[in-house]
Amino acid sequence: MKATHLAAAALACLMAFAPTQAAEAPRLVSQNGRHALLVDGKPFLILGAQAHNSSNYPGALKPVWAAANDLKANTVLMPVAWEQVEPVEGRFDFSFVDTLVKQAREQKKRLVILWFGTWKNTSAQYTPEWVKLDPRRFPFNRDRDGSSNYSLSPFGAETLKADKRAFVALMGHLKKIDSTERTVLMVQVENEVGTYGLVRDFSPAAQAAFEQPVPAAVLARQKPKAAATGTWREVYGDYADEYFHAWAIARYIGEIAAAGKAVYDLPMYVNNALRNPLEQPPKPWNKDFASGGPTWDVIDIYKAAAPAVDIVAPDIYNPESAQVNANLRLFGRADNALWVPEIGTKPAYGRFLYAMLGRGAIGVSPFGIDYFDYSNHPLGATATDKTIVEPFERVYRMFAPIQRQWAQWAFDGKTQGIGEGDDRKPQQLDFPGWSAKLTYRLGRFGEAAWGGEFAKPAAGTEEPGGGAAIAQIAPDEFLVIGHRVRVRMEPAEGTKGLMLRAEQGRFDAQGRWVMERVWNGDQVDYGLNLPAEPMMLKVKMGRPAQP
Ligand code: DGJ
């Protein structure tokens, strides 16, 4: 054998035994007030599917994959419960996590793990028995009269220690099984925290902390209301109790998240059962939401007290368009990536995917996506079969082949989107140089102003259901994705311009545009009329020279 052949053989041999190269860890990046979740080093759009709460057992996974596949989701959001991984104190069992990760890879899905620990929808229901049965060691919040509340206290030092240890064990396990393939993208720490019916913990430990000066980190971010410095009451007046509770819970979660990240550094977030986003300015807590939860008005307290928590995310269960839009605006900030880990499965929510993805969300996920025979109606759809995924699949289908490209465009600030308003009124999306005018309930031919049949709302538009997301892919070129909407691309006010070409098409698996036909004549004379099933158009605009 020649020396060169020998060297080549040795190299081949070495390569066969070299470990597979580890993929880059998922991470969040920001630029110019926008955000991206980098997966394998490139922006990734989570087209998520969140399973029902009790689907976190090996035997329950089949209907989860079935629904997630029907939805064309690329990521499944799945609880991992404290009671499940540490049924006996100090003895961990991650067999479900192993099964989940293995099956996710077989199904070609990524995962977001939801840590159901001290708090799940504010309560202790997912803690192990040894926690539930020992309130002296794991205390509940106390009311003013000293009576015990249903929700665990954020001042329970032993609870924090125990939850943190379990979470760290989980993150250590994920590191062990996943730091090469990176199937798990993010981790949610606890679930919908806060306390219903009680504004804060009044235990002696909590009271002592309440009487301390507000920490400087909080003062720097959450604008003082009454005095510039002092105790919580002095600084925040009528808002003191709820702000204090938010700080106490955020600090608790922040400590858990930081400890978990120290072991395995994945993006982490908290989710929120929302307060009314239209109450402006927000009034002091009046039993109308879970006090202490990461509502939009205390995002700054969470940022100050829990810097290891990357995102505060809204769970959207009110389909009124004004509510949805306000929540997207309030949670999508330069210091907070928009990420919607839960929306109801009622068909009315489908159109808002355009708003979320157009606004540059790193992802979205309908909740209750599995075919287990259970419905969370009236929050979600009544059905438990394939019909639950349809309103979302319709939109995911458009974005799935271009999710990487869309995430990049969004990160670069080139995308916008909106769902039809409950008022059914026209809407406008402004881009540099051009505007998209959106109208609804029209047929695909003619103008409503002509009256008679032309003015009658088109069949199938009885409920608001349309929407569009648009990317400006070149200065004069747009990718329009939408359904049940008439889109007119027009030159920005005061400028001249016209549409040169509208191609209907799709992207192939390699992300290349495949033109199917060119729309002209009737198909463009009355705007671009996108039908009930979503469509994708590549639209070229132009500016004529002076004659
Ligand atoms: C929001 C919670 O985060 C979910 O886990 C679930 O309980 C839904 N509410 C209701 O189905």
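The structure displayed is predicted, hence computed values, not measured ones.

*Asks:* What should I look at first to understand the nonpolar core in this one?
*Replies:* Considering soluble globular proteins, one finds that nonpolar side chains tend to be buried as a cluster. Core analysis: the biggest nonpolar cluster contains 118 residues, and Trp232, Met356, Phe399 and Trp406 have the highest contact counts within it. Looking at this core element by element, the count peaks at 12 residues for helix α10 (residues 240-263). When residues no more than four places from it in sequence are discounted, the contact partners of Met356 are Ile316, Val324, Leu328, Leu338, Val340, Ile343, Ala361 and Val364. In this structure, Trp434, Leu438, Ile470 and Met541 belong to the second largest nonpolar core, which totals 23 residues.

*Asks:* When you look at the packing of helix α6 (residues 157-178) against α10 in this model, what are you seeing that I'm missing?
*Replies:* Each pair of packed helices can be summarised by the angle the axes make with each other and by the distance between the axes. Put simply, α6 and α10 touch, their axes get as near as 8 Å, and they point 30° apart. By the angle class used here, α6 and α10 are roughly parallel. Crossing of α6 over α10 shows right-handed handedness. Note on element contacts: α10 touches α6 through Tyr252, Glu255, Ile256, Ala257, Ala259, Gly260 and Val263, opposite Thr159, Leu160, Asp163, Lys164, Phe167, Val168, Met171, Gly172 and Lys175.

*Asks:* Please clarify how the sheet that holds strand β9 (residues 184-191) should be interpreted in this entry.
*Replies:* Adjacent strands of a sheet form backbone hydrogen bonds with each other and so pair up, either parallel or antiparallel. Strand order in the closed barrel formed by 8 strands is β4-β5-β6-β9-β10-β11-β12-β13, and the pairing between neighbours is parallel. Adjacent strand axes in the sheet meet at a mean angle of 30°, parallel and antiparallel pairs treated alike. Strand direction decides the pairing type here: strand β11 (residues 311-316) and strand β12 (residues 339-343), joined by 2 bridges, are parallel. Residue pairing across strands places Asp315 opposite Glu342, the latter belonging to β12. Where helix α2 (residues 61-71) meets the sheet, its contacts fall on β4 (46-50), β5 (75-81), β6 (110-120) and β13 (363-366), and the angle it forms with β5 comes to roughly 155°. Along the sheet face, helix α12 (residues 321-331) touches β10 (268-273), β11 and β12 and points at about 175° away from the line of β11.

*Asks:* I tried to follow the site of the ligand on my own but got confused; where do I start?
*Replies:* Around the ligand, the surrounding shell consists of Asn53, Lys120, Asn121, Asn191, Glu192, Asn271, Asp315, Tyr317, Glu342, Phe367, Asn376 and Leu379. Separating an oxygen atom of the ligand from a side-chain N or O atom of Asn53 is a distance of 2.9 Å. Asn191 places a side-chain nitrogen or oxygen 2.8 Å from an oxygen atom of the ligand. The protein chains hide 87% of the 300 Å² of surface that the ligand would expose on its own. With respect to the pocket detection grid, the ligand is positioned in the largest pocket.

*Asks:* For this particular structure, what's the right way to read the environment of Arg142?
*Replies:* Summarising the element assignment, Arg142 is placed in strand β7 (residues 140-142). For the pair Arg142 and Arg200, spaced 58 residues apart in sequence, the C-alpha to C-alpha distance is 8.2 Å. Polar side-chain contacts of Arg142 include one of 2.9 Å to the backbone oxygen of Gly146.

*Asks:* Even after reading the chapter, I still don't get the environment of Val514, so can you show me in this structure?
*Replies:* You can see Val514 is positioned in strand β21 (residues 513-519). Given a relative accessible area of 24%, Val514 falls into the partly exposed group. Setting aside residues up to four positions removed in sequence, Val514 forms contacts with Gln504, Gly505, Arg506 and Asp508.

*Asks:* Just to check I follow, could you spell out the packing of helix α4 (residues 95-106) against α6 for this structure?
*Replies:* It is at 11 Å that the axes of α4 and α6 come closest, and there the two elements cross at 40°. Classified by the angle between their axes, α4 and α6 sit oblique to one another. Here α4 runs over α6; the crossing is right-handed. On the side of α4, the interface is formed by Val97, Asp98, Val101 and Arg105, while α6 contributes Leu170, His173, Leu174, Ile177 and Asp178. Of the residues contributing to the contact of α4 with α6, the split by class is 5 nonpolar, 1 polar and 3 charged.

*Asks:* Sorry if this is basic, but what is going on with the pattern of salt bridges here?
*Replies:* One side chain can pair with another of opposite charge once the charged atoms of both are near each other. Tallying each qualifying case throughout the model produces 37 salt bridges. The residue Glu89 makes a salt bridge to Arg165 at a minimum N-O spacing of 3.6 Å. Remark: Arg165 occurs in helix α6 and Glu89 occurs in the loop between α3 (82-85) and α4; sequence separation between them is 76 residues. In this structure, Glu533 and Arg394 form a salt bridge, with 3.3 Å as the shortest nitrogen-oxygen distance. In this pair, Glu533 is assigned in the loop between β22 (528-530) and β23 (535-542) and Arg394 in helix α14 (residues 390-399), connecting sequence segments 139 residues apart. The exposure class assigned to Glu533 is partly exposed, which follows from its relative accessible area of 35%. Of the residues examined, Arg394 reaches a relative accessible area of 22% and is grouped as partly exposed. Among the charged side chains, a salt-bridge network with shared partners connects Glu86, Glu89, Arg137, Glu158, Lys161 and Arg165.

What counts, and at which threshold
- Residues numbered from 1 in each chain as written.
- Predicted model: local features only at pLDDT ≥ 70, side-chain atom pairs only at ≥ 80, totals over all residues.
- Heavy atoms only, no water.
- Core = buried A, V, L, I, M, F, W, Y, C linked by side-chain atoms within 4.5 Å.
- Buried < 20%, exposed > 50% of the residue type's maximum accessible area, 1.4 Å probe, protein only.
- Helix = DSSP H or I, 4+ residues; strand = E, 2+ residues; numbered from the N terminus.
- Contact = heavy atoms within 4.5 Å.
- Axes fitted to C-alpha atoms, helices over the stretch in contact; angles between N-to-C directions.
- Parallel < 35°, antiparallel > 145°, perpendicular 65-115°, else oblique.
- Left-handed = near helix turned anticlockwise from the far one by under 90°.
- Pairing = 2+ DSSP bridges.
- Near = heavy atom within 4 Å.
- Polar contact = N/O pair within 3.5 Å; in protein donor to acceptor, adjacent residues only side chain to side chain.
- Areas by Shrake-Rupley, 256 points an atom, 1.4 Å probe, with all protein chains shown as cover.
- 1 Å grid on protein atoms, 1.4 Å probe; cavity = no way out; pocket = protein on both sides within 12 Å on 5 of 7 lines; lining within 4 Å.
- Sits in = over half its atoms within 2 Å of the grid points.
- Nonpolar A, V, L, I, M, F, W, Y, C, P; charged D, E, K, R; others polar.
- Salt bridge = Lys/Arg side-chain N within 4 Å of Asp/Glu carboxyl O.

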